[in-house]
2 protein chains.
Amino acid sequence: MVRLKATISYDGAAFAGYQVQPGERTVQLEIEKVLATMHKGNQVKITASGRTDARVHATGQVIHFDTPLSIPREKYQKALNVQLPRDIRVMKVEQVKDNFHARYDVLGKRYRYIWDCSMIQSPFRRHYAVETNGVKPNVEAMQEAAQAIIGKHDFSCFCAANTSVIDKVRIVNALELNWHGEELHMTISGNGFLYNMVRIIAGTLWEVGTGKREISSLSQMIASKDRSQAGKTAPAHGLYLEQVFYE
Amino acid sequence: MVRLKATISYDGAAFAGYQVQPGERTVQLEIEKVLATMHKGNQVKITASGRTDARVHATGQVIHFDTPLSIPREKYQKALNVQLPRDIRVMKVEQVKDNFHARYDVLGKRYRYIWDCSMIQSPFRRHYAVETNGVKPNVEAMQEAAQAIIGKHDFSCFCAANTSVIDKVRIVNALELNWHGEELHMTISGNGFLYNMVRIIAGTLWEVGTGKREISSLSQMIASKDRSQAGKTAPAHGLYLEQVFYE
């Protein structure tokens, strides 16, 4: 048995998310189907760094799995890509130690969130950036508000209510906002993220940028640990899991 | 009655092309359905600058139609965009003279063709650029070969056999090749293009760039007026109708 680590990219538009769910097309299901074919019908379970929701994209999701096949890594990658649907690609395959774990060993992650602020959204961006119908936010205000988020905090206010996680203290290392043409990109990295945390932060900062919320309200909001104090959860299709960090 | 000119953009991935065909989802059908709704069930025929094939994209297709509705142009555009499927967007609506004709008045067009030369194509580009599995062509050779195409020629050799057009003389004004990261873009403009002409030129230049065809063969090929002398028709999903020129 050999443990392999694979870095995968997927277009979330046609998936009901990462994790297997009965009757749904998911990323995990598609990869496990191909692995089962490669292993003569034997199930090969894959473990990801974490789930992503329906319509959320990934350019650098990481998974691990064990295989008895002694195929060179590049051939393994090719065999997977030949059989996988075109909205999932294996970008890299590496052999790792037997005790490597794609979820437990995560040191941090980076996400990207994209708003398309053009007057009329190009049809080519409809699944890949959230349209704002020409609304352009005050990015300086958003950047100032973001300073309250950076650091080590209990992020309960930015966590979807339906979660079983108890410890909600996380470290946000960086949060940047940059224009790419008429698209506004938010990148955020930290040691871990609660359920819906990036989308709730995006929704809250958007409200600051469009004058619906005070910059100064962020500190109180975080101190309150109350989800209802924060902004709306921003739409799923603007979100990308970009990189997962390991030792 | 007022004649309107509309500039439209569409993602060709989920269309069987521009023109209405029984039982198929086409761009013309979707727009005419919405116009019929806006006109209380009365059919409003639209006329485009020309057809595009299945999976071919457009960022600047032009159509015209006549309407008895006296709605301001911006409202007309909004009403169309609200009802149209998200893979078609109306980018602009202008009132034109009653004798303007989207097809007969065309002075020229510009197309773009995109090859994605990265080793593993991003899942986000699968419908929007032709994957070459890491093959990077000799662009200087392609550029040199392109010089034989620029100018006024009988382009029979670059025209799909199944066409009813008799006069195959056209002027190609410009043909450029440029790298955008790992993607190679070909832009071509001229006073008119024969059926499949851009895709056959793209396929032929690709063969030059990958050493399967001599640079010097282009002049003979054009002189032969024989489709079988030219290269393969490049795949549809790399092609974009970018702009249509009028007076």
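Residues numbered from 1 in each chain as written. Chains lettered and ligands numbered in written order. Predicted model: local features only at pLDDT ≥ 70, side-chain atom pairs only at ≥ 80, totals over all residues. Heavy atoms only, no water.

- Per an unreviewed UniProt entry, chain A carries the name tRNA pseudouridine synthase A and comes from Solibacillus merdavium.
- A UniProt comment under Catalytic activity (unreviewed entry) is attached to chain A, and it reads "uridine(38/39/40) in tRNA = pseudouridine(38/39/40) in tRNA". (UniProt positions renumbered as here; feature names shortened; annotations may be inferred.)

1. What about the domain arrangement of chain A?
All names here are of chain A.
Item 1. Its domain assignment divides chain A into domain 1 (2–96) and domain 2 (108–245).
Item 2. Taking only C-alpha atoms into account, the centre of domain 1 sits 28 Å from that of domain 2.
Item 3. Counting the surface lost from both domain 1 and domain 2, the interface buries some 1100 Å², and carbon and sulfur atoms represent 54% of this.
Item 4. Across the domain 1-domain 2 interface, the total number found is one salt bridge.
Item 5. Its salt-bridge partner being Asp-53, residue Arg-199 comes within 3.5 Å of it at the nearest N-O pair.
Item 6. Across the domain 1-domain 2 interface, the total number found is nine residue pairs in polar contact (both at pLDDT 80 or more).
Item 7. A breakdown of the residues in the side of domain 1 that touches domain 2 according to their chemical character gives five nonpolar, seven polar and three charged. (Domains from an automatic or database assignment. Buried area = accessible area lost by both parts, 1.4 Å probe. Salt bridge = Lys/Arg side-chain N within 4 Å of Asp/Glu carboxyl O. Polar contact = N/O pair within 3.5 Å; in protein donor to acceptor, adjacent residues only side chain to side chain. Nonpolar A, V, L, I, M, F, W, Y, C, P; charged D, E, K, R; others polar.)

2. Let's talk about the relation of the copies chain B and chain A
Item 1. Rotating chain B by 180 degrees and translating it 0.0 Å along the rotation axis places it on chain A, where the RMSD comes to 0.0 Å. The transformation relating the two chain copies, once decomposed into turn and shift, fits a two-fold axis. For chain B, the smallest separation between a C-alpha atom and the rotation axis is recorded for Phe-124 of chain B, amounting to 5.1 Å.
Item 2. Looking at chain B, 100% of its interface residues are interface residues in chain A too, so the copies touch through the same face. (Least-squares fit on C-alpha atoms with pLDDT ≥ 70 in both. Contact = heavy atoms within 4.5 Å.)

3. Concerning the pattern of salt bridges
Item 1. Applying the stated criterion across every chain, the model contains 28 salt bridges over all chains.
Item 2. Among the ionic pairs, Asp-87 of chain B bridges to Arg-25 of chain B, the shortest N-O distance being 2.9 Å. Residue Asp-87 of chain B is located in the loop between helix H2 (73–83) and strand E4 (88–96), and its partner Arg-25 of chain B is located in the loop between strand E1 (2–10) and helix H1 (27–38); the two are separated by 62 residues in the primary sequence.
Item 3. Owing to a relative accessible area of 28%, Arg-25 of chain B belongs among the partly exposed residues under this scheme.
Item 4. Each of Arg-25, Glu-30, Lys-33 and Asp-87 of chain A takes part in a single network of salt bridges with overlapping partners. (Helix = DSSP H or I, 4+ residues; strand = E, 2+ residues; numbered from the N terminus. Buried < 20%, exposed > 50% of the residue type's maximum accessible area, 1.4 Å probe, protein only.)

4. Observations concerning the interface of chain B and chain A
Item 1. Chain B puts 22 residues into the contact, and the matching count from chain A is 22 residues.
Item 2. For the chain B and chain A pair, buried surface summed over both sides reaches about 1800 Å², with 62% attributable to carbon and sulfur atoms.
Item 3. When the buried surface of chain B facing chain A is broken down by residue, Arg-86, Ile-120 and Phe-124 of chain B rank first, second and third, together holding 39% of it.
Item 4. Here chain B is connected to chain A by four salt bridges.
Item 5. In this structure, the connection of chain B to chain A is made through six residue pairs in polar contact (both at pLDDT 80 or more).
Item 6. Residue assignment for the side of chain B that touches chain A shows that the elements contributing at least two residues are E1, strand E3 (57–67), H2 and E4 of chain B.
Item 7. Element by element, the count of residues in the side of chain B that touches chain A is highest for E4 of chain B, at four residues.
Item 8. Each residue belonging to the side of chain B that touches chain A can be placed in one class, and the counts come to 10 nonpolar, six polar and six charged.

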